[in-house]
Protein chains: 2
Amino acid sequence: MTNIHDIAKLSGFSVSTVSRVLNRKNYVSDDAREKIEAVIKQMDYVPNDVARDLSRGKTYNIGVVLPYTKHAYFNQVLNGIMAEAYKQGYRVLILLSNYDKNKELEFLEQLRRKAFDALIFTSHGLPLEEIAKYLKYGQIVCCQNPNNVKIPAAYTARVSTYVKALSWVKEQGYKKIGIMQNRDYHVSATSEKTIRAYKQVFGEMPDSKLIVNDVTTYDNGYQAGEYYNKCSEKPDFVFANSDDIATGLRQYYLDNQLQVPPFMGQENQLPSQILKFSTIDHQLTKVGSAAFDVATSGEDKIVCIPSKFINRK
Amino acid sequence: MTNIHDIAKLSGFSVSTVSRVLNRKNYVSDDAREKIEAVIKQMDYVPNDVARDLSRGKTYNIGVVLPYTKHAYFNQVLNGIMAEAYKQGYRVLILLSNYDKNKELEFLEQLRRKAFDALIFTSHGLPLEEIAKYLKYGQIVCCQNPNNVKIPAAYTARVSTYVKALSWVKEQGYKKIGIMQNRDYHVSATSEKTIRAYKQVFGEMPDSKLIVNDVTTYDNGYQAGEYYNKCSEKPDFVFANSDDIATGLRQYYLDNQLQVPPFMGQENQLPSQILKFSTIDHQLTKVGSAAFDVATSGEDKIVCIPSKFINRK
DNA sequence: CTGAAAGCGCTAACAA
DNA sequence: TTGTTAGCGCTTTCAG
């Protein structure tokens, strides 16, 4: 393997001059540049990224923690992150957590060991306080409102939009609202916000029989439909946690020749556009790119992206 | 930032002894180990991964090239890769290509610069021959049958299963087979195999009006339904390229109170299980983990994973 | 069982 | 404009 020293020797210049032409930095005479470039080409030489990283103390790698790859939420945030990363010349490492706290800790340790320059938690099982402890080792960004925990964040303003959406639901006269969530509201900040908005609008907690947890995919939505149909308490409206999921729900009723209850989705994906049902656009791609920006800025910023209730009825 | 030298100095041992306790390698006296571990703990020290990588000439990073993140195919292969990577202590870098040849070349260059130990192409725009040229710089694995190109691969045996599936379709008496594909068969090896199997079974090329390209999502499937419905030539059976996509297709007909044509899917996802339609299980998760194994083995292996036609009618 | 020293390959401050 | 040299932080051979 040929290295920068070989190029220096063969071209008759020093390593620093070679480094300069490699990085197009500082002055190098045309003569030197030409000769060095000739040798580089002849030897088919490229610099070693790892050595460069070590020397600069920077890897241009960003770690992204995802619980899983299938839910629309993560897909969209990830796409936002990746688009921005590509623009800025960074690489993205996917770190699958499954909400496993030990894995999350492992990723934090890797940040500490400088395996990447920053870490973005699209969601997390570990308490934010625990995560924040690692801030002294490197930049960390979370994708939710950190409230009183001091940690950089990029997130979407959920509650106010949930309130708007649920107020509309209430105005329509619906009373028994089925709620589908990713995780139980005791552990999920997003679910907690949903419940909070519900309480604010309806003045009471939702009926626990009408809350379905662990719903993340189209198929889960379908299964939720089955659950509701067999449930003693039937919803007169369903507040789904994504358009895909809402579509799965709807499908269950259709497949069984049942009346589909009115419902709304989230994420403003194609299904709600095609089928024309109401939804919430959380602007997750923007959240992703904002999270990335915060990550590379290294600053202790908090960015809130407004979301929109899209009323299609 | 404290480093291995600091630990050596503070503990009174040499860096090599410290390195030994860090790596639990070779003999270290209990006394030395205890003292060194005490200092490590006290100083809150962890080794630097980049330095370690440089020294060892290995990063434990694997690059995975994906055209995009939404199609089921990539999701499944990726999950297989990640599961195996996690087991073996590797990290996964996502490299989005969009089938852009320049980006793919860029990724190959990064391999050459040792940014990762190996590169897996789940699919590619560049000709395989071009990709194979980079094998001298590092391990590369592709996820299709490389035929006469000499390059490591892990892929699913498609043609024989396509033939089985299409033969069954033919036996049922269907004649106008709608075919949905990811990309045109002139550029996609997978689509080409579909067409080849079709020719083998039906003895002629499929009607080009019945082939829809650029179908990768549920929504595209829905749109394809619209296309077929407005097409002068209507399919009496549709061979979809995933279960999700088939479901989108079906949905179009249902939403418009039209008779859903018989169809089959691919990937054996939940929709085909729930709705009980035929499908093909390409065992993509296995392809992913096999691809990963080939990547880390460094050998010029070719692994073919058998796929299965699942007849549910 | 331990240590010295030579890498790994590149960057950048400083001197010339 | 170019070169010298001291890092970046760790691994590993070879001697002892």
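This write-up is about the structure you can find in this document. (Residues numbered from 1 in each chain as written. Chains lettered and ligands numbered in written order. Predicted model: local features only at pLDDT ≥ 70, side-chain atom pairs only at ≥ 80, totals over all residues. Heavy atoms only, no water.)

Attention shifts here to the layout of surface pockets. Residue and element names in this part refer to chain A. Of the volumes computed, that of the largest pocket is approximately 1,100 Å³. Looking at which element gives the most residues to the lining of the largest pocket, the answer is helix H5 (residues 72-87), with four residues. Considering only residue class, the lining of the largest pocket consists of 12 nonpolar, 26 polar and 11 charged. (1 Å grid on protein atoms, 1.4 Å probe; cavity = no way out; pocket = protein on both sides within 12 Å on 5 of 7 lines; lining within 4 Å. Points joined across faces, edges and corners; volume = space filled by probe spheres on them. Helix = DSSP H or I, 4+ residues; strand = E, 2+ residues; numbered from the N terminus. Nonpolar A, V, L, I, M, F, W, Y, C, P; charged D, E, K, R; others polar.)

Further remarks concern the relation of the copies chain A and chain B. Relative to chain B, chain A is turned by 180° and slid 0.0 Å along the rotation axis, the superposed coordinates differing by an RMSD of 0.1 Å. Read as a symmetry element, the transformation amounts to a two-fold axis. Taking C-alpha positions as reference, the residue of chain A nearest the rotation axis is A:Leu93, located at 2.2 Å. In this assembly, 100% of the residues forming the interface of chain A have copies in chain B that are likewise at the interface, indicating an isologous arrangement. (Least-squares fit on C-alpha atoms with pLDDT ≥ 70 in both. Contact = heavy atoms within 4.5 Å.)

The full count for this structure, using the stated rule, is 31 aromatic pairs over all chains. Relative to B:Phe74, the ring of B:Tyr68 has its centre 5.6 Å away and its plane inclined at 85°; by these criteria the two rings are edge-to-face. Using a relative accessible area of 22% as the deciding quantity, one classes B:Tyr68 as partly exposed. Since its relative accessible area comes to 2%, B:Phe74 is described here as buried. On the basis of an interplanar angle of 35° and a centroid distance of 5.1 Å, the ring pair of B:Tyr174 and B:Phe237 is categorised as tilted. Of this pair, B:Tyr174 sits in the loop between helix H8 (159-171) and strand S6 (177-180) while B:Phe237 is found in strand S8 (residues 237-239), placing the two residues 63 residues apart along the sequence. The structure contains a cluster of three or more aromatic residues connected by ring pairs, namely A:Tyr68, A:Tyr73, A:Phe74 and A:Tyr99. (Phe/Tyr/Trp six-rings, centres within 6.5 Å; stacked < 30°, edge-to-face > 60°. Buried < 20%, exposed > 50% of the residue type's maximum accessible area, 1.4 Å probe, protein only.)

The next point concerns the protein's contact with DNA strand C. Close contacts around DNA strand C come from 25 residues, with A:Ile4, A:Tyr45, A:Ser55, B:Arg20 and B:Ser29 the closest. Backbone atoms, meaning sugar and phosphate, form 67% of the atoms of DNA strand C found within 4 Å of the protein. Between DNA strand C and A:Ser19, the relevant distance is 2.8 Å, taken from a phosphate oxygen to a side-chain nitrogen or oxygen of the residue. At 3.1 Å, a side-chain N or O of B:Ser55 approaches a base nitrogen of DNA strand C. Where the surface near DNA strand C is concerned, the elements lending two or more residues are helix H2 (15-23) and helix H4 (49-56) of chain A together with helix H2 (15-23) and helix H4 (49-56) of chain B. Counted by class, the surface near DNA strand C contains 10 nonpolar, 12 polar and three charged residues. (Near = heavy atom within 4 Å. Polar contact = N/O pair within 3.5 Å; in protein donor to acceptor, adjacent residues only side chain to side chain.)

Before going further, it helps to examine the side chain of B:Thr247. On the secondary structure map, B:Thr247 appears in helix H11 (residues 243-255). Ignoring sequence-local partners within four residues, the contact set of B:Thr247 consists of A:Tyr218, B:Tyr218, B:Pro271, B:Leu275 and B:Phe277.

Attention shifts here to the packing of helix H5 (residues 72-87) of chain B against helix H13 (residues 284-297) of chain B. Residue and element names in this part refer to chain B. Where H5 meets H13, the axes come as close as 7 Å, and the angle between the chain directions of the two elements is 45°. It follows from the interaxial angle that H5 and H13 lie oblique. Crossing of H5 over H13 shows right-handed handedness. Residues Tyr 73, Gln 76, Val 77, Asn 79, Gly 80, Ile 81, Glu 84 and Ala 85 of H5 lie in contact with H13, whose contacting residues are Leu 284, Thr 285, Gly 288, Ser 289, Phe 292 and Asp 293. (Axes fitted to C-alpha atoms, helices over the stretch in contact; angles between N-to-C directions. Parallel < 35°, antiparallel > 145°, perpendicular 65-115°, else oblique. Left-handed = near helix turned anticlockwise from the far one by under 90°.)

To continue, consider the protein's contact with DNA strand D. Residues in contact with DNA strand D amount to 25 residues; listed here are only the nearest, A:Arg20, A:Ser29, B:Ile4, B:Tyr45 and B:Ser55. In DNA strand D, atoms within 4 Å of the protein come from the sugar-phosphate backbone in 64% of cases. Take B:Asn48: an N or O atom from its main chain is 3.0 Å from a phosphate oxygen of DNA strand D. Between a sugar or linking oxygen of DNA strand D and a side-chain N or O atom of B:Ser55, the distance comes to 2.5 Å.

Coordinates in, geometry out; function isn't part of it.
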